[in-house]
Amino acid sequence: MASWLGGLGSGLGQSLGQVGGSLSSLTGQISSFTKDILLEGTEEVGDAPTEHQVSSSRLREIESTHATQRLENERLKKVCSDLEEKHEAAELQIKQLSIEYRNQLQQREVEISHLKARQNALQEQLQKLQTAAQSAQLGAGVLPPTTTSASFVPVVRHHSSGFQGDDMDFGDVIWSQQEINRLSNEVSRLESEVDHWMLIAQSSRVQGTNNADQSEICKLQNIIKELKQNLSQDIDEHQHELSVLQDAHRQKLAEISRRHREELSEYEERIEELENQLQQGGAGIEITDHSKISNLQKNIQILQTEKLEDTQNMKKLEDKVKNLNEKLSSVENENKILLNERELVKVENSQITQEYERLKSEFIKLQNYVAEQETLLKEQGKKLPLMTSSEEEVVRLQQALLDAEKEIMRLNTLNQEELQKKLASLQHKNEDITSASIEDTNLELNQLRQELERKENELKESITERATLTAELEELDKQNQETMQHMFTLKEQLSKQHTEADSTINQLKLDIAFERRKVSEVEAEKMEMSKELETQKSKMNHCTFALNDLHMSNQQLQHNIKDLQEQLKKYQDCNLNNKKEIAELKQNLKQKEEELSVSQNELTKIINQEPNSNSQDLSLKEREAEIAKLNKDISENKQLNQNLEKSVSDLKMENGKLLAVCEELKQQLHEAFAEKNKVSLEKDTMLEALKMEKGQLETELSQTEKRLLEQAQKYEQTIEDLSNARNMNTNALQLEHERLVKCNQERDFEIAELKRNIEQMEADHEETKEMLTTSLGGQKQLTELIKEKEVFVEKFKNRALELQQELEEYVKDSKKHEILRQNLEEKDKSLAAMKEENNHLKEEIERLKDQQSRSPPVAEPKTLDIITELEAEITQLHVIKNNLEEEIKLHKKTIEDQSQNTVQLQQSLQEHKREIDESKFQYEQMNITHEKLFLEKDEEIKSLQKTIEQIKTQLHNERHVFQTDSSDLFQETKAQTLNGENGNEKHDLSKSEIERLVKGIKEREKEIKLLNEKNVVLTQQIDHLSKDQVGKLTQIIQEKDFEIQALHASISSSSYRQDVLYLQQQLQAYAMEREQVLAVLSEKTRENSQLKTEYHKIMDMVAAKETALMKLQEENQKLSNRFESSSQDMFRETIQNLSRIIREKDIEIDALSQKCQTLLTVLQTSNIGTDSGSGGVNNNQFEELLQERDKLKQQVKKMEEWKQQVMTTVQNMQHESAHLQEELHKLQAQISVDSDSSSKLQMDYNGLIQSYEQNEKKMKSFSQELAQVQHHIGQLHNTKDLLLGKLDMVTPPLLMASSVSQASDIPSSTPPEIVSDASKLLQQELEQLKKILQEKDVTIRILKENNQRLSDSMAATSELERKGQKDTDPEMKQIKGKCDVFQKSLREKDLLIKSKSDQLLSVSENLSNKENENELLKQAVTNLKERNLILEMDICKLKEENEKIVAKCREKETEFRALQETNMQFSMMLKEREFESHSIKEKALAFEKLLKEKEQGKMGELNHLLNEVKSMQEKAVSFQQERDQVMLALKQKQMESSALQNEVQHLRDKEQRLNQELERLRNHLLEMEDSYTQEALAAEDRETKLRKKVMVLEEKLVSSSTAVENASHQASLQVESLQEQLNLVSRQRDETVLQLTMSQDQVKQYALSLANLQMVLEQFQQEEKAMYSAELEKHQKQTAEWKKKAEKLEGRVESLQESLEEANAALDAASRLTEQLDLKEEQIEDLRKQGEIKQEMLEDAQNKLMNLINSTEGKVDKVLMRNLFIGHFHTPKNKRHEVLRLMGSILGIKKEELDQLLSEDQKGVTRWMTGWLGGGGAGSKSVPSTPIRPTNQSVFNSSFSELFVKFLETESRPNLPLPTLSVHDMKPLGAAGICNPSSTRSSSHTETAGSGTSRRPDANPFLAPRSAAVPLITPTSLGAGGSGHLLMKSLSDALPTFTPLPVLPDASAGAVLKDLLKQ
C-alpha cells in the first residue's frame, strides 16, 4: 500500500511539474493581456472624483466576489475533505482485502496441517485396530484380562515414538517454506517502499520544498512503527496458532489411544459377563421359554401375513388409482371443455386424499405400535439384569422384527423367505436360551398378546376401510363413464358457445394465471408428483408442437382452397366467354339465314317475272342451260361449301388458337382484376354478412344480456371446476385452455381483418395482406415465445426449487455450524475439566486398588467421595452458568454505555459545528483588525518614548541589574499573537478536528456493531448452553449413577480390579470420543466461517464496484452538465482567478499585520531593559520560534491550497480536453458531411447554371443583398466568438506569480526604522489595494463594453433581419409572379451554397481557436497520460499480486481437496475395519460360547447356530442387493412405460385430429366434385344443342353460297381497307403512346425536381428560421442576463459608493494620522540624536573603564598563578609547553620570545587570557557564541584545556544581558553587511555581523527548515551599545546559522578555545 501511495506521489510530483511548465507559458500570455487592460484602465480614468467613485464601486464588487469566493472556498474544502475520506476508505478497503487474503492463506495452511495431522492419526488408528483385531482373534478366550491390559503398553510406546517423529512433518516444512516466501515478499516490498521514500526525499530536497519534509518524515516514521507493530503481532499470532495446533495434535493422538483401550476393555467385560451368565443360568427354565417363544413366533407370523396382505391390497389400490388416473386423463383429453361436473371430481379427490391420509395415519400407528413393542422388549431386557444373554437375544429379535417390517414395506416375496429363515434361526436360538424369571416373562407375554389383539383389530378396521375404498373406486368408475357421456353432449354445447365466449376470455386468462399460482403452490405441497408433472409437461410441449403443425397444415389447406376457388372463377369466366361466342355465332347464322331467304325470294321473283314466251323451246333451252348452269353453280357451291367447311374448320382452328391466346390474355386480365373481384366479392359478402349480423346482433344483444348473467355463474362454476381439475391433472386442462385461447385469438384476428376490410376497401387491400402475413408471423413468433417461456418457466421452477432446497440446506448447515462453533468453546473448556476429573478418578482408582488389597470393606467411603466430587462438579457448572449470565448483563451494560457515548459524540459534533460557525465569525471580524493598526502605531510611538526614557535611566543606573519576571510579558505577547492569527488557521484546525471526530465516530460505530454481533452470538451461545448443558448434565448424572451402581456391584463381586480397569478404559473412551467430535466440529466451523468470509468479501467487492460505477455515472453527468455551460464556466473561472489573487493579497496583508504585531511585542519586551536577566532572552527566543512556526504553518497551508487548486485545474482541463476532443471529432464529421453535400450541390449547381444562366442575371441583385446580410451576421458571430475567447483566455497565474514575487519582496524591503516601516507598509498596502481596484475597474469596464457591444450587435442583427425580411417579402412576391419553380430552386441553392461557405468559414475559425486551445490542453493530457501510465503500472502490479494470491489460494484449495479425499478414503477404510472388527468380535463371542459349551457338552448346536447365522447374513446381503437391483429395474420400467403411454396418447390424439381433418376434406372434395359434374353435364347438353344448330346452319349455308360469295368479296375489300386503317391507327397509337410515356416521364421528372426543390426550400427556410430563432433566443437570454447583472452591479455600485464614502472618511483619518506620524517621526529623530549623545557619553565611560582595566592589567592573581604552576607539573610532558604559553601570555611575554624560549614548532598561542582578565574592554560582560566552523581543528587535546573550556562555558552562560533597542540598528533591507556610520559599535560586533552576512546573504525565513537553530539575539551584543535582536535586523544579518554545521568530535573543545583566544 505504501509503495502504491509513493508511486502516486511521485507521479503527482512529475505531472504537477509539467503542468507548472505549461501554466508558466499561459501566465506569460495572460500577464501581457492584464498589463494592457490595466494600462487602458489607467489611461481612461484621470480625474480624482471619478477614480473615487470607480474605486468605491469596485470595492463593493470585490466584497461581493470575496463573499462568493469564500463560500466557494468552503464548498471546495468540504469536497476535498470528502475526497480525502473516500481516499482513506479506499485505502482501508485495500488493506482489509490484503489482510483477508493473507488470513485466508494462513487459514488454508492451518487446515492443511490439521488434515495432515488427522491423516497421520487415522493411519495410526488403523494400525492399532489391525493389531487389536489380531490380538482378539488369537488370544481372546485363552488370556486372562491382565494380559489385555499389558498388551496395550507397546502400542502406546509406538504411538509416542511416532508422534516424536512427526514433529518435523512434511506439512510443517511446506508451511515454513511458504512463510519464508511471504516474509521475503514483505521484505522486498518494504525495501521498495524505502527506496521510493528516499527518492521522494531527494526530489523534495532538490525542489526546495523542505518545509513539509518533517511532517512527511513524522508520518513515515509513524507508519513504520505501525508496520513493525503489525509484524510483531502477526508473528505472535503465528506462533500462538502453531502451539495450539501442536496441542490439538497431541490431544487427538492421546484420545485415539484411550478410545482403543476402552473399546478393548469393554469387549473383555462383555466376554466375562457372558461367561458368568452362562455359569449362573439354570437348565430348568427352557420349557417355559420354548412355549412363550413359540407363541411369539406364531403371533409374529400372523402379523407378517396380515401385513403382506395389507401391502398387496395397498399395491392393488395403487394400481387401481393409477388406472383411474389414466382413465381420467383420457376422459379429460376427449372431453376438452368439461365445466359443470368438476365439483364432483373435486369432492371425490378430497375423499381419496382423506382416505390416503387415513391410511398414512394407520401406517404410522402400526409403526408406533412396533416401536412400542420394541420398547417393551427393551423393558424386558432391563427387567432381566441377571440374564444378559437373554437380553441380547431379545435385542436381536427386535432387530429382526424391525428388519422384517421394513422389508415388508419394500418387497413382499423376498421378505417371506427371509422371515421364514430368520424365524427358524430364532426358534433354534430360543430352544438353546434359558430364561430365569417365569413371572416376568408371563407378564411380558400377556402384554404382547394384548398388543397383538389390538393390532388384529386395527387390521380388521383397515380391511373394512379398504373395502369401502374399493366400493368408492367402483363408484368413481361409474361417475367417469357418466362424465364421458356428458362430455359428448358438452362438446356440442361448447361449439355453440364459442361465439359468446369472446368477452369472458380475458377473465378466464386472469383466472388461469391465478390457477397457475395455485398450481405452483400445490406443486410445492406435492413434491412427490413433480416427476409425473415433468413427464406431463413434456407431453404438453409435444402437443403444442403438434398443434402448431396442425395450424400450419390448416393454413396450407386454406391456401389450397383459395387457389381452387380462383380456378373455379376462371372456369366460370371461360364459360361466360364461350356463351358469348355461341351467341355471336347464333347471330351470324341468323344473318346468313336471312340472306339466304332474301336470295330465294329474289330467285322466285325473277322466275315469276319472266314472260311466258311463245317460244317454249327457247325457254326450255334456256331453262336447260340455266339448269346446267345451276347444276354447275350447285357443284361450284358444293365445292365452295366444302372449301368453306375447310375454311370454317381452319377458322375454327384459328379461333381455337385465338381463343387460347384470348384465354391467356383473359387469364392475365383475370389475374390483374382477380384481386379487385375478390375484394368486391368479399365486400359484398361482408356487407351482406354484416347486415345479417347487425340484425342478428340486435336480436342477440337482448338474449346475450340475459345469457351473460347465466354464463357468469356458469363460468364461475367452470373456473372452480378448472381449478379443481387442474389440481387433478394439469395436462389436459392446459391443452384445452391453450386450444380455447388459440381459437379465440384466431376469431379476434378474423373479426379485426373483416373490420379493416370494411373500412379500407380497395386501396388498403395490399396493406391487409401484409397485415395478415405479419399477424401470422406474429402468431408463430408468439407461439414459439410461449413455448420457450413455458420451457424457461419450468427450468426456472426447477432451478428455484433446487435453490430453495440448497438455501435451506445452507441455512441448516450454517445454524449447525454456529451451534457447533458455540459448543466448541464450551467443550474446549470442559475438556480441561474432564482431563482433571480423569486424573482425579485415576488417582482415586489407584487408591481404591491399594485399599482393596489391604482392606476390601473400606472401599465404600471412596464411592461416597466420588459422589461428593460429582456434586461439587455440578455446583461448579451452576457457578459457571451464573458467571455467564453476569457476563451477559455486563455486555448489556457496555452496550448501553456505548449508546450513551454515541449520544455524547453527537453532542460534541454539534458543539464542533458551533465552534466552526464561531471561527467563521472571527474570520469575518479579522477584516476589522486592519483599522486597529493605526491605533497600534500610536502605541508603538509611546513605547519608543518609553524606551528612550529607559535609556536615560540606564545611564544613571548602569551597574544595577533588574531581575523582572518575563512570564507576564510572554502571556501578553502570546495573547496578542493569538488575536492576530489568521482566521483560516482556526477554520482548518476545526475542520481537521471534525475529520478526526468523524473518524472516531465511524470507529465507534464499527465497535458498536462488533459488540452487538458479539452480544447476539453470546446470547445464542448461552441459550444453547442452557439447553445443551441441562441435557448434558442430566446425561452425565445418569451415566455417573450407572457407574456408581456398577462400582457397588463390582465392590461386592470378586472381580473388582477388572471392573476398576474397565471403568478407567470407559472413561478414556468417552473422553476420546468427545475430543474427536469436538475436533470434527471445529474443522466444520472453520470451513463454514471461511465460506462465509469469502461470501462477504465477494459481496463487499460487488458493492464497492457498484458504488464506484454509481460515482462514475454521477461524475459523467456532472461533466456533461459542465460542458453544456462551458462558456459561462470560463467566465466564472476568470472571476474565480481574480478573486483568488485578491485572496492571496489578503493573506499577504494578514502576514504583514502579524509581522507588525511581532515587532510590537519585541518592542514591548525590549522596553524593560538589557539588564533584566537571562530569562527574558529565553522567552523572547521562544516567542520568536513560535512566530516562525506559525509563519511556516501558513506557508505550508498556502502551498497545500495551491496544490489543491492545481489539481482541480488539471482535472478540469482533463475533462474539458476530453469533451473538446469529442466536439472536434463531431465537427470534423460534420465538415466531411458538409463537404460531401457541398460537392454534390456544386455538381447540381453547374448543371443548372448551363440551363438557367438567364435567370441568374435577374437573381444576382437579390443574392448579393442576402450575401451581405449573411456576411454581417457571420462578422457579428466572429466578433462574439473573439470576445468570448478573449474573456476565456483571461487566467490568473501571472498574477499569482506576481503576488508570490511581491510576497518575497515585501519581507526584504523593511526600512531601518520602525515608524517609517509601518508607514511604508501602510502605503504599500494602500497602493496594492488601489492597484487591485484599478484592475477590477478595468475588468468591469471591459465587461460592460462587451455587454454594450453585444447588445448593439444584437440590436443591429435584429434590425438587419427585420429590414431584410421587409425588403425580401415584396421582392419575393414579384419574383414568384415572374419566375417559375426552377428559378426559385436556383436561388435557394445559391443561398444554400453561400450560407454553407460562410458556415464553413466560421467553422474553420472556430476550429483554429479550438486547435489552439487543444494544443494547450494536449500538454496537460500528455502529463495526465503519463500519470495514468504510472497508475496503470501500479494497478498491473497489484493485479499480478492478486493473481498470485488467487493462484496460491487455488493451490491450497486443491491440496485441501486432495487431503479431504484422502481423509474420506481413510474414513471409509476405518469404517470397513470397524465393521471387520465388529464381525471379528462377534466371531470371538461365538468362539467363547463354543468353548464354554464344550465344557458343558453343547459344541455341535453352537456350531450349527453359527453356520446358520453366517448363511443368514450372507443371504440377507444377497437379498438386499437383489432387492436394490429389482427396485432399480422396476423404476426404469415404470419410467419407460409412462413415457410409452404418453407417446401412445400423443399419437392417438394426432390420429384422431388427422382423421377428423381427412373426413372434412373428403366431404369438401365430394361437394366440389358434385358441383363440377353438374356443370360438366350442363355443358355437354349445351354442346349437343349447339351441334344440332350448326348442322341446320350448314344446310342453310349450302343454299346461300352465292350470296356469301358476293358478301365475302365485299367483306374482303372492306377487311383490307379496315386493315390498312388499323395499321395506320396502330402506328398513330404507338407514336402517341411513346409521346405519352415521354411526356409522363418528363412530367414525373419535373414533379420530382419540383418536390425536391420545394423540400430543399422548406428545409432551408426552416433551418434559417431555426437558426434565427435560436440566435434571437440566445441573444434575448443573454440580454436578460446582462440586464440582471447590470441591475446587480448597480446595486453593488451603490453599496460600494457608500463603502467608498466610509473609506474616504477613513482615508481622511489616515491622512491626519500620517501627519501625526510625521510629527512623531520628527520627535523620534530628535530622540535619536539625544540617544547618540547619550551613547557618546556611554563610550566615554567605557573608555574610562578600559583605562582602569589596562591599569589593573599588570597585576597578576596569586591563586591563578599557583594553580597554573601546579597544573604545569600535573600535565604530561608533551603538553607542558601549553601551560608555559598560558603563563607567558598572562605575564605579558611576547610570542617571539616564547617561541625562542620554546624551541619546538608550535601553533601560535593567542591571548585568550586578556579577554578573561578584562583585555577585551566591553566584551567582559557577554562572550560571543559564534558558530563553529568545521575547518578549525584544535591542537589542545589535554585534560587541562578541556577543564578550562568547561570553566569558561559555565562562567559565560548565566550572564547574558537583555538586549536594548537602539534606533541605529534598524537597517533597511539591502544594507546587509554595511554598518551605519552613525553607530559607534565595538569592533567585534561589526565583525560578527559581517561574517553572518557573508555566509548567508540570501537567507529567507520562509524557506528555512524547522530544525534550523536560529539565534534570535546576535552573538555580538556587547554592552548597551548593541541591541542585537533578531527582528530589529535585516533577514540576511539575523539568520547566519540556519543550517547546523557539522562539528568534529575531537575538535569541539579546542575550537571553542581557539575562537576565544583569537578574540
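Here we take up the overall build of the protein chain. The secondary structure content of the protein chain amounts to 36 helices and zero strands. For the protein chain, the exposed area adds up to about 123,000 Å²; of that, 56% sits on carbon and sulfur atoms.

Counted according to the given criterion, the structure contains 25 salt bridges. With a closest N to O distance of 3.5 Å, Lys1492 and Glu275 form a salt bridge. One end of the pair, Lys1492, is in helix 26 (residues 1381–1496); the other, Glu275, is in helix 5 (residues 213–280), and 1217 residues separate them in sequence. Relative accessible area serves as the criterion here: at 11%, Lys1492 is assigned to the buried category. Through salt bridges with shared partners, a single network forms among Arg108, Glu111, Glu1094 and Glu1453.

The next thing to look at is a positive patch on the surface. Judged by side-chain charge, Lys579, Lys586, Lys590, Arg1582, Lys1585, Lys1588 and Lys1589 come together as a positively charged surface patch. Residue contributions to the positive patch peak at four residues, all from helix 27 (residues 1499–1599). Following the sequence through the fold, Lys586 ends up in helix 12 (residues 530–609). Here Lys586 falls in the partly exposed class, since its relative accessible area comes to 32%.

This next bit is on the packing of aromatic side chains. Here the distance between the centres and the angle between the planes together describe a pair of aromatic rings. Taken as a whole and judged by the stated rule, the model has four aromatic pairs. Note on Phe1765 and Phe1769: the rings are 5.0 Å apart at their centroids and 75 degrees apart in plane angle, and the pair reads as edge-to-face. Residue Phe1765 and its partner Phe1769 are located together in helix 29 (residues 1758–1770), separated by four residues, close to a single helical turn. For Phe1765, a relative accessible area of 48% translates into the label partly exposed. Judged by its relative accessible area of 49%, Phe1769 is partly exposed. The aromatic ring of Trp1682 is capped on one face by Lys1685, whose charged end is 4.6 Å from the ring centroid.

A word on the nonpolar core. Taken as a class, soluble globular proteins show a tendency for nonpolar side chains to be buried jointly. Judged by nonpolar contacts, Ile337, Leu339, Leu494, Leu508, Ile512, Ile719 and Leu722 together constitute the single largest core of seven residues. Within the residue set of this core, elements represented by two or more residues are helix 11 (505–525) and helix 13 (616–728). Apart from residues lying up to four places away in sequence, Leu494 is in contact with Ile337 and Leu339.

The relative placement of two packed helices is expressed as an angle between their axes plus a distance between the axes. Where helix 29 meets helix 30 (residues 1776–1787), the axes come as close as 9 Å, and the angle between the chain directions of the two elements is 160 degrees. Overall, the two elements helix 29 and helix 30 adopt an arrangement that is roughly antiparallel. Between helix 29 and helix 30 lies a crossing of left-handed hand. For the pair helix 29 and helix 30, the contacting residues are Leu1760, Met1761, Leu1764, Phe1765, His1768 and Phe1769 in the first and Arg1776, Val1779, Leu1780, Met1783, Ile1786 and Leu1787 in the second. Across the contact of helix 29 with helix 30, the residue classes tally to 10 nonpolar, one polar and one charged.

Turning next to the environment of Leu1597. Looking at where Leu1597 falls in the secondary structure, it is placed in helix 27. Judged by relative accessible area, Leu1597 falls into the buried class, the value being 19%. In the structure, Leu1597 is positioned 952 residues away from Glu645 in sequence and 9.9 Å away in space, judged by C-alpha atoms. Apart from the residues within four sequence positions on either side, Leu1597 is in contact with Lys592, Leu596, Asn641 and Val1604.

Looking now at the packing of helix 26 against helix 28 (residues 1601–1751). The contact between helix 26 and helix 28 brings their axes to 10 Å, and the two run at 40 degrees. Viewed along their axes, helix 26 and helix 28 adopt a mutual orientation that is oblique. Like other packed secondary-structure pairs, helix 26 and helix 28 cross with a definite hand, here left-handed. Where helix 26 abuts helix 28, its residues Val1381, Phe1382, Lys1384, Ser1385, Glu1388, Lys1389, Leu1392 and Gln1399 lie against Tyr1646, Ser1649, Leu1650, Leu1653, Val1656, Leu1657, Phe1660 and Met1667. In terms of residue class, the contact of helix 26 with helix 28 is made up of 10 nonpolar, three polar and three charged.

Turning our eyes to something else, we now look at the side chain of Asn823. For Asn823, the location among the structural elements is in helix 15 (residues 765–854). Classification of Asn823 by relative accessible area gives buried; the value is 7%. Setting aside its immediate chain neighbours within four residues, Asn823 contacts Asp1028 and Leu1078.

As a further point, take a negative patch on the surface. Together, Glu63, Glu931, Glu1687, Glu1690, Glu1694, Glu1698, Glu1701 and Glu1702 make up a region of like negative charge exposed at the surface. Considering each element in turn, the negative patch owes the most residues, six residues, to helix 28. Structurally, Glu63 can be placed in helix 2 (residues 48–139).

Per-residue pLDDT for the protein chain averages 76, and the proportion of residues at 70 or more is 76%. A low-confidence stretch, residues 961–987 (pLDDT under 50), is modelled with 51 contacts involving residues beyond four sequence positions or located in other chains. In this model, residues 1855–1924 is a region of pLDDT below 50 whose contacts with residues beyond four sequence positions or in other chains number 168 contacts.

Moving on, we get to a nonpolar patch on the surface. On the surface, a nonpolar cluster with roughly 290 Å² of combined accessible area is contributed by Leu603, Ile606 and Ile607. Positionally, Leu603 belongs in helix 12.

What counts as what
- Residues numbered from 1 in each chain as written.
- Predicted model: local features only at pLDDT ≥ 70, side-chain atom pairs only at ≥ 80, totals over all residues.
- Heavy atoms only, no water.
- Helix = DSSP H or I, 4+ residues; strand = E, 2+ residues; numbered from the N terminus.
- Areas by Shrake-Rupley, 256 points an atom, 1.4 Å probe, with all protein chains shown as cover.
- Salt bridge = Lys/Arg side-chain N within 4 Å of Asp/Glu carboxyl O.
- Buried < 20%, exposed > 50% of the residue type's maximum accessible area, 1.4 Å probe, protein only.
- Patch = residues over 30% accessible without salt bridge, like charges linked within 9 Å, V, L, I, M, F, W, Y side chains within 5 Å.
- Lys, Arg positive; Asp, Glu negative; His and termini not counted.
- Charge placed at Lys NZ, Arg CZ, Asp CG, Glu CD.
- Phe/Tyr/Trp six-rings, centres within 6.5 Å; stacked < 30°, edge-to-face > 60°.
- Lys NZ or Arg CZ within 6 Å of the ring centre and 35° of its normal.
- Core = buried A, V, L, I, M, F, W, Y, C linked by side-chain atoms within 4.5 Å.
- Contact = heavy atoms within 4.5 Å.
- Axes fitted to C-alpha atoms, helices over the stretch in contact; angles between N-to-C directions.
- Parallel < 35°, antiparallel > 145°, perpendicular 65-115°, else oblique.
- Left-handed = near helix turned anticlockwise from the far one by under 90°.
- Nonpolar A, V, L, I, M, F, W, Y, C, P; charged D, E, K, R; others polar.
- pLDDT = per-residue confidence, 0-100.

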